[in-house]
Amino acid sequence: MADAALFEFLHMEMVAELWAHHSDPGPGVSAGSRGKEARAATGQKMSLSVLEGMGFRVGQALGERLPQETLAFREELDVLKFLCKDLWVAVFQKQMDSLRTNHQGTYVLQDNSFPLLIRMASGPQYLEEAPKFLAFTCGLLRGTLSTLGIKSLVTASVASLPTCKFQVVIQKT
């Protein structure tokens with residue numbers, strides 16, 4: 001239980017630090033409001049990219065630490081099932097709630113009570129804050145898949161808190 005709380009606090013601090021650092025236009029900047037908004041948007045994109053990159057590296061490390069027998073998956077679907085069960089339990093102490101596929105390389109993983117969103121208040125005004133709490137996990141999934149030999153694109157969406165969906169699109173080489 002302490003591990004989960006430590007991870008959540010560390011994640012919150014990473015997000016807060018990156019957002020504080022990249023949303024500040026800097027001293028002496030006196031451009032109009034459009035300039036400030038553009039710099040803030042650029043800073044937020046950069047923060048999301050940094051969080052996703054951190055998650056990717058952590059996902060790669062987790063993928064390398066998996067038992068060798070776990071790495072002998074026969075199909076993509078088996079790998080995604082592994083992410084939903086074993087990886088999710090290792091990181092969030094719970095399984096993913098559902099996994100859907102179109103059998104053409106697109107998978108949707110749904111968590112109805114995503115631990116990194118539970119502490120956020122519910123309401124439509126908080127939905128715009130959700131992406132910064134999902135970027136690390138998108139990277140985590142992509143990094144683990146990369147270690148398992150699957151190149152992918154991972155995005156996340158939130159329609160209502162604390163439910164989120166991760167869409168994994170397998171990139172064929």
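Thresholds, definitions, all that
- Each chain has its residues counted from 1, following the order in which its sequence is written.
- In view of the model being predicted, local features appear only for residues whose pLDDT reaches at least 70, and side-chain atom pairs are presented and counted only at 80 or more, with totals across whole chains, interfaces and linings using the full set of residues.
- Excluded from the side-chain calculations are hydrogens and water; all other atoms, namely the structure's heavy atoms, are used.
- Starting at the N terminus, helices and strands are each numbered in turn, a helix being any DSSP run of H or I of at least four residues and a strand any DSSP run of E of at least two.
- Each residue is placed in one exposure class: buried if its accessible area under a 1.4 Å probe, protein chains only, is under 20% of its type's maximum, exposed if it is over 50%, and partly exposed if it falls in between.
- Only the protein chains shown count as cover for residues, and all accessible areas are computed by the Shrake-Rupley method using a 1.4 Å probe.
- Salt bridge criterion: a side-chain nitrogen from Lys or Arg within 4 Å of a carboxyl oxygen from Asp or Glu.
- In this scheme, a helix's expected span is set at 1.5 Å multiplied by one less than its residue total.
- Note on ring pairs: Phe, Tyr and Trp rings are taken, using the six-membered ring of Trp, and paired if centres are within 6.5 Å. Classes follow the plane angle, with under 30 degrees stacked, over 60 edge-to-face and the rest tilted.
- Throughout, a residue-residue contact means that at least one pair of heavy atoms, one from each residue, lies within 4.5 Å.

K.L.:
Is there a simple way to think about the overall build of the protein chain in this case?
P.N.:
A tally of regular secondary structure across the protein chain gives six helices and four strands. If you list the helices and strands of the protein chain from N to C, you get α-α-α-β-β-α-α-α-β-β. Residues classed as buried in the protein chain amount to 38% of the 173 residues present. Accessible area of the protein chain: about 10100 Å², with a carbon and sulfur share of 54%.

K.L.:
Could you clarify how one ought to interpret the pattern of salt bridges in this entry?
P.N.:
By the definition in use, this model includes five salt bridges. Among the salt bridges present, the one from K94 reaches D97, with a minimum N-O distance of 3.8 Å. Close ionic contact of K94 with D111 constitutes a salt bridge, the shortest N to O distance being 2.7 Å. Here the residue K94 occupies a position in the loop between α3 (76-92) and β1 (98-101), and D111 occupies one in strand β2 (residues 106-111), the gap between them amounting to 17 residues. A single network of salt bridges, built from pairs that share partners, joins K94, D97 and D111.

K.L.:
How should I be thinking about helix α6 (residues 135-147) in this particular structure?
P.N.:
Think of an α-helix as 3.6 residues a turn; residues three or four steps apart then line up on the same face. The terminal C-alpha atoms of α6, which comprises 13 residues, lie 18 Å apart, in line with the 18 Å expected from a rise of 1.5 Å per residue. Of all 13 residues in α6, ten are buried, a share of seventy percent or more. By the burial criterion, the buried members of α6 are A135, F136, T137, C138, G139, L140, L141, G143, T144 and L145. Positive phi appears at G149, one or two residues downstream of α6, with a value of about 85°.

K.L.:
What is the right way to look at the packing of aromatic side chains in this model?
P.N.:
Where two aromatic rings form a pair, the distance of their centres and the angle of their planes describe that pair. The full count for this structure, using the stated rule, is five aromatic pairs. Pairing W88 with F92 gives two aromatic rings, centres 4.7 Å apart and planes at 55°, and the pair type is tilted. Taken together, the residues span about one helical turn, with W88 and F92 both in helix α3 at a distance of four residues. The residues W88 and F92 share a single accessibility class, namely buried.

K.L.:
Mind showing me how you'd approach the side chain of S152 here?
P.N.:
With respect to the helices and strands, the residue S152 is situated in strand β3 (residues 152-157). In this structure S152 comes out as buried when scored by relative accessible area, which is 5%. The residues touching S152, leaving out its near neighbours within four places in the chain, are R142, L145, V168, V169, I170 and Q171.

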